[in-house]
Amino acid sequence: MFVSYFLTPLFSCILAWLFIPLMRKIAFVIQLTDQPNRRKIHHQPVPLVGGIAMFGASWLAAALFMHQWGDLVLIKNIFVASFILLIIGTLDDRYDIRASFRLVVQLLLAHCVFDAGVRIETFYGIWGIEELSYGQQYWATILVITGIVNAINLMDGIDGLAAGLSLVSAVVLAIIAAQTGHENVFVLLLSYAGALVALLRFNFSRTQKIFMGDAGSMTLGLLISVVSIRLLPTGAEGRPFSWILIGIISILVIPVFDALRVFRKRLKAGVSPFHADKTHLHHLVLFLGLRHQTVSLLLSAAALAIMVIGFCINNVAGLTWAIIGMVFVFYAGTSILGFHHQVIVWRQKIRLMEMQR
Amino acid sequence: MNQEKTQKKRIAIIGTVGVPANYGGFETLAEHLIENMTDHYDITLYCSGKKYPKDVRKASYKNARLRYLPLDANGIQSIPYDTLSILHALWYADVLLILGVAGAWILPFVRLFTRKRIIISIDGIEWKRDKWNVLAKWYLFWAESIAVKYSHIDISDNEAIQDYTAARYGSLSRIIEYGADHTLKVPVTATDTEQYPFLARPYAFKVCRIEPENNVHLILEVFANAAKLPLVIVGNWDKSAYGQDLKNTYSQHPNIHILDPIYNQQRLDVLRSNAALYVHGHSAGGTNPSLVEAMYLGLPVLAYGVSYNRVTTENQALYFNNKEELKRQIADIYTAKLKTIGQKMERIARRRYTWPLVAQKYGQLVAESLEIAQKPSVFTRISRLHYPDLLQKGAAHLRY
């Protein structure tokens, strides 16, 4: 059994490593590629097959190494929902379908997940809120799932970022799954972790570069959100659960709060919240002059750091303050980076103004 | 009531090292404001106790009261220096005239809790200067925004900086430059020639802080190989590794005369006013006092082609943007050309850069600050109206 816990990620990694080059070639034929433009950094078309390869490799490996068939309903639901999102995402990557259609699909899938019994039932006393009513459970679950799916999608802006953060999330959630006896979920997460390692290798490659595309980022978002909700402690398990909450919240702070921050700014500026620009957290970090790989690594490390901070505050001041602390650290960091960005932008503007007269 | 009406308004001048002026542009400005405004206003000026030891301190100077603080007016200490000056001035002043943005962080509270009028001069775009480290730049960048937002009137010393404040803040910044009529054309004596043999022949002159953004290295390199004119350059060479390197490289060069800082105005004017050409390499900082002084002395100017210098000289000087252009300009100069440019510079300076004019403008701003309720914006009122209303009335095309 323990041997399979090593073999699962290894196998999925090897499978993805084999799938990706093959799918790269197919991608160029069917034009499933990301075309360069003024806003993007790459200069050549890049295949958008990382998500498909990762999906295939992860689920194949997971199917091979899952021991028991308990929790099968949850696994099947995740598979079906992920598969649907994979198709929608691939169509979007190829044909650029409307955002509203994608959102409707996400909402429907979130509804199905709720219907299958995966739901947020309580707020665990955060801000004094305990059990939620049925309606509140519904809307909280829908909001969280669609929010996280889109947040991870928005994080996919530079090489290795969405994959790196998702890898951190998969590992943290896998630890939580192992500790709480969700064995099949644990195997599934290990499988995804292995495939993500392979994906990162090709994502960072100069000669064989691939992107995961919306197909990959949305399926990862769905996996993370559904598993996170599933692993939320029910209180009947009889063990301290704040560490679980902190682990889950910490991996979501960066993608979710960055999306909220950017949406707020765009709305304040009078533009659509989905208007593409360069104001995400990873753009702000790039302004420090770092390479993509370094930025991705830094932000993944930042997610872990936020978790550690959350644990420390929780030990001293409890769960609510731990959450406030984690969010505060995020906003302090983004404020400093945003400030630095403004300084750089104005320095460039002034240089132009100085040479114009 | 009559006594209230005739009582002079009280102004606190904050942010300078102090008077008598020995240190720089703001100090010279402060001294001339005192000279020209104490008839109409009751002025108190804050000075740095670190630069004016107890034995030289005065209770008043040219009818202005002096107050000393045991802090440096520059560097990191400028923040508490300006802050404490502002807090002290709140007890008596009607108008706070603040030179520099170091203490700007406290201005929101001043506006919130008092009815004091705030006039602030933001100097050049200080946060952009290479001499500051990252944290200092960040603080000045933020402080500048606070200064402009929470002052009743903000002052730039250059039209190019006014463009910047309009673009960044939407603020209608007032332009008040510097005076230069304190400088003198001093004839050369035999003693001077004995001390400075280069005075016997035409030479180019430059006086500045020895910093990379003043293009000192570029100018030295070109003049080292320029046969036409030797270069006399005065600056604080030993203050930095950059300056020390340049001094070591060029001090023995036959065409370059490197001099340490000269604080005596007359000695400086001897060297400057008798130059054949003034070279100005500043690339930052708005209107530079040394440039306007050179203009007032009727020197032909060869300046770095940045917007601030062009605005200061009304695009009538000679300009360079790189080594090649500087070489070309030097090669093309001749006496008649230099004479014409010098005359133009002098006419501009006499029209724009005199202390009575500067003091008059400050006086007008003080009077205005006491009357205005709100700082004017560069945006028209129409741009602040509700867009759908404008659209309905067929006036949406007028919106900024």
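Here the structure is shown first, and the text comes after it.
Scope of this entry: the structure provided in the associated data block. In this text the structure is predicted, and so the values were computed from the model without any measurement.

1. Comments concerning the pairing of strand S7 (residues 153-156) of chain B
The two faces of the sheet receive side chains in turn, since in a regular strand these alternate between them.
All names here are of chain B.
Thinking step 1. Side chains Ile153 and Ile155 project from S7 onto one buried face, and the interleaved Asp154 and Ser156 project onto a second face that is buried too.
Thinking step 2. Handedness of the crossover joining strand S6 (residues 117-121) and S7 through helix H5 (residues 134-150) is recorded here as right-handed.
Thinking step 3. Here two bridges tie S7 to strand S8 (residues 174-175), and the two strands are oriented parallel to one another. For Ile155, the partnering residue across the bridge sits in S8 and is Arg174.

2. Overview of the pairing of strand S5 (residues 95-99) of chain B
Residues and elements named next belong to chain B.
Thinking step 1. Taken across its five residues, S5 has five buried, putting it largely inside the fold.
Thinking step 2. Residues of S5 alternate between two faces, with Val95, Leu97 and Leu99 on one and Leu96 and Ile98 on the opposite face, all of them buried.
Thinking step 3. Sheet topology note: the strand S1 (residues 9-14)/S5 ladder contains four bridges and is parallel. Counted as the bridge partner of Ile11 is Val95 from S5.
Thinking step 4. One ladder, built from five bridges, connects S5 with S6; its direction is parallel. Across the sheet, Val95 pairs through a bridge with Arg117, a residue of S6.
Thinking step 5. Of the crossover connections in this fold, the one passing from S5 over helix H4 (residues 107-113) to the parallel S6 is right-handed.

3. What about the sheet that holds strand S10 (residues 231-234) of chain B?
Hydrogen bonds between backbone groups are what pair the strands of a sheet, and the pairing can be parallel or antiparallel.
Residue and element names in this part refer to chain B.
Thinking step 1. Judged by pairing direction, the sheet is parallel, and its six strands sit side by side in the order S11-S10-S9-S12-S13-S14 without closing on themselves. Edge positions in the sheet fall to strand S11 (256-259) and strand S14 (318-320), since each has one partner strand and no second. Across the sheet, the axes of successive neighbouring strands diverge by a mean angle of 20°, strand direction being ignored.
Thinking step 2. Direction of pairing for strand S9 (residues 204-207) relative to strand S12 (residues 277-280): parallel, over a ladder of two bridges. The residue of S12 that forms the bridge with Phe205 is Tyr278.
Thinking step 3. Against the sheet, helix H13 (residues 323-332) engages strand S13 (301-304) and S14, with an angle of about 150° to S14.

4. Some details on unusual backbone geometry
Residues and elements named next belong to chain B.
Thinking step 1. Following Val19, the chain continues into Pro20 via a peptide bond in cis, with omega recorded as 0°.
Thinking step 2. Considering the arrangement of structural elements, one finds Pro20 in the loop between S1 and helix H2 (25-37).
Thinking step 3. Phi angles above zero are rare outside glycine, and Lys62 is one such case at about 50°.
Thinking step 4. Here Lys62 shows up in the loop between strand S3 (60-61) and strand S4 (64-69).
Thinking step 5. Looking at Lys62, the relative accessible area reads 35%, which means it is partly exposed.

5. A word on the interface of chain B and chain A
Thinking step 1. Residue-level contacts link 22 residues of chain B with 12 residues of chain A.
Thinking step 2. Counting the contacts that link chain B with chain A gives one salt bridge.
Thinking step 3. Across the salt bridge formed by Glu354 of chain A and Lys128 of chain B, the nearest N and O atoms sit 3.2 Å from each other.
Thinking step 4. Seen at the junction of chain B and chain A, the total is three residue pairs in polar contact (both at pLDDT 80 or more).
Thinking step 5. When residues in the side of chain B that touches chain A are grouped by element, the largest group, six residues, is from helix H6 (residues 159-169) of chain B.
Thinking step 6. Looking at the side of chain B that touches chain A residue by residue, the classes come out as 12 nonpolar, four polar and six charged.

6. Remarks on the packing of aromatic side chains
Centre-to-centre distance and the angle between the planes together describe a pair of aromatic rings.
Thinking step 1. Inspection of the entire model under this criterion finds 26 aromatic pairs over all chains.
Thinking step 2. An angle of 80° between the planes, with centres 5.2 Å apart, marks the rings of Phe330 of chain A and Tyr331 of chain A as edge-to-face.
Thinking step 3. Classification of Phe330 of chain A as buried rests on a relative accessible area of 4%.
Thinking step 4. On the numbers, 6.4 Å between centres and 70° between planes, the contact of Trp105 of chain B with Phe109 of chain B is edge-to-face.
Thinking step 5. Through a chain of ring-to-ring contacts, the aromatic side chains of Phe55, Trp59, Phe79 and Phe83 of chain A assemble into a single cluster.
Thinking step 6. Looking at Arg119 of chain A, its charged tip hangs above the ring of Phe114 of chain A, at a distance of 4.1 Å from the centre.
Thinking step 7. Against the face of Tyr296 of chain B rests Arg350 of chain B, its NZ or CZ located 4.5 Å from the ring centre.

7. Examining the nonpolar core
Thinking step 1. The biggest cluster of nonpolar side chains holds 135 residues, and the ones touching the most others in it are Leu96, Phe205 and Tyr362 of chain B.
Thinking step 2. No other element matches helix H8 (residues 216-224) of chain B, which puts seven residues into this core.
Thinking step 3. Here this core spans two domains, and each of domain 1 (2-179 + 355-369) and domain 2 (190-352) of chain B adds at least three residues to it.
Thinking step 4. If near-sequence neighbours (up to four positions away) are discounted, Leu96 of chain B is found in contact with Ala12, Ile14, Ile86, Ala89, Leu90, Val110, Arg117, Ile118 and Ile119 of chain B.
Thinking step 5. Counting residues in each nonpolar core, the second largest holds 109 residues, with Tyr124, Leu165, Leu167 and Leu189 of chain A among its members.

8. Description of the sheet that holds S5 of chain B
All names here are of chain B.
Thinking step 1. Taken in spatial order, the eight strands line up as S3-S4-S2-S1-S5-S6-S7-S8 in an open sheet, and their pairing is mixed. Where the open sheet ends on each side, the last strands, each with one partner, are S3 and S8.
Thinking step 2. The pairing of S3 with S4 spans two bridges and is antiparallel. Note that in S4 the partner of Tyr61 across the bridge is Ala64.
Thinking step 3. The sheet strands contacting helix H3 (residues 78-89) are S1, strand S2 (41-48), S4 and S5, and the helix crosses S2 at an angle near 150°.

9. Brief notes about the side chain of Ser48 of chain B
Thinking step 1. Looking at the element boundaries, Ser48 of chain B is found in strand S2.
Thinking step 2. Given a relative accessible area of 0%, Ser48 of chain B falls into the buried group.

10. Observations regarding a nonpolar patch on the surface
Thinking step 1. Together, Phe79, Val80, Phe83, Ile84, Ile87, Leu91 and Tyr95 of chain A make up an exposed nonpolar region whose accessible area comes to about 610 Å².
Thinking step 2. Topologically, Leu91 of chain A is positioned in helix H3 (residues 72-95).

11. Focus on the packing of helix H5 (residues 134-155) of chain A against helix H8 (residues 213-231) of chain A
Residue and element names in this part refer to chain A.
Thinking step 1. Their axes nearest at 7 Å, the elements H5 and H8 cross at an angle of 145°. In this structure, H5 crosses over H8, and the sense of that crossing is right-handed. Within the contact between the two elements, H5 uses Thr141, Val144, Ile145, Ile148, Val149, Ile152 and Asn153 and H8 uses Asp214, Ser217, Met218, Leu220, Gly221, Leu222, Ile224, Ser225, Val226 and Ile229.
Thinking step 2. Taken together, the residues of the contact of H5 with H8 sort by class into 11 nonpolar, five polar and one charged.

12. Considering helix H11 (residues 292-317) of chain A
Residue and element names in this part refer to chain A.
Thinking step 1. With 26 residues, H11 extends 36 Å between its outermost C-alpha atoms, agreeing within 8% with the 38 Å of an ideal straight helix rising 1.5 Å per residue.
Thinking step 2. Where H11 is buried, its residues contact helix H6 (161-179), helix H7 (183-204), helix H9 (242-268), helix H10 (281-286) and helix H12 (319-354).
Thinking step 3. Backbone geometry just after H11 places Gly318 at a positive phi near 95°.

Conventions and cut-offs
- Residues numbered from 1 in each chain as written.
- Chains lettered and ligands numbered in written order.
- Predicted model: local features only at pLDDT ≥ 70, side-chain atom pairs only at ≥ 80, totals over all residues.
- Heavy atoms only, no water.
- Buried < 20%, exposed > 50% of the residue type's maximum accessible area, 1.4 Å probe, protein only.
- Helix = DSSP H or I, 4+ residues; strand = E, 2+ residues; numbered from the N terminus.
- Right-handed = clockwise from strand over helix to strand, strands pointing away.
- Pairing = 2+ DSSP bridges.
- Axes fitted to C-alpha atoms, helices over the stretch in contact; angles between N-to-C directions.
- Contact = heavy atoms within 4.5 Å.
- Salt bridge = Lys/Arg side-chain N within 4 Å of Asp/Glu carboxyl O.
- Polar contact = N/O pair within 3.5 Å; in protein donor to acceptor, adjacent residues only side chain to side chain.
- Nonpolar A, V, L, I, M, F, W, Y, C, P; charged D, E, K, R; others polar.
- Phe/Tyr/Trp six-rings, centres within 6.5 Å; stacked < 30°, edge-to-face > 60°.
- Lys NZ or Arg CZ within 6 Å of the ring centre and 35° of its normal.
- Core = buried A, V, L, I, M, F, W, Y, C linked by side-chain atoms within 4.5 Å.
- Domains from an automatic or database assignment.
- Patch = residues over 30% accessible without salt bridge, like charges linked within 9 Å, V, L, I, M, F, W, Y side chains within 5 Å.
- Areas by Shrake-Rupley, 256 points an atom, 1.4 Å probe, with all protein chains shown as cover.
- Left-handed = near helix turned anticlockwise from the far one by under 90°.
- Expected span 1.5 Å × (residues − 1).

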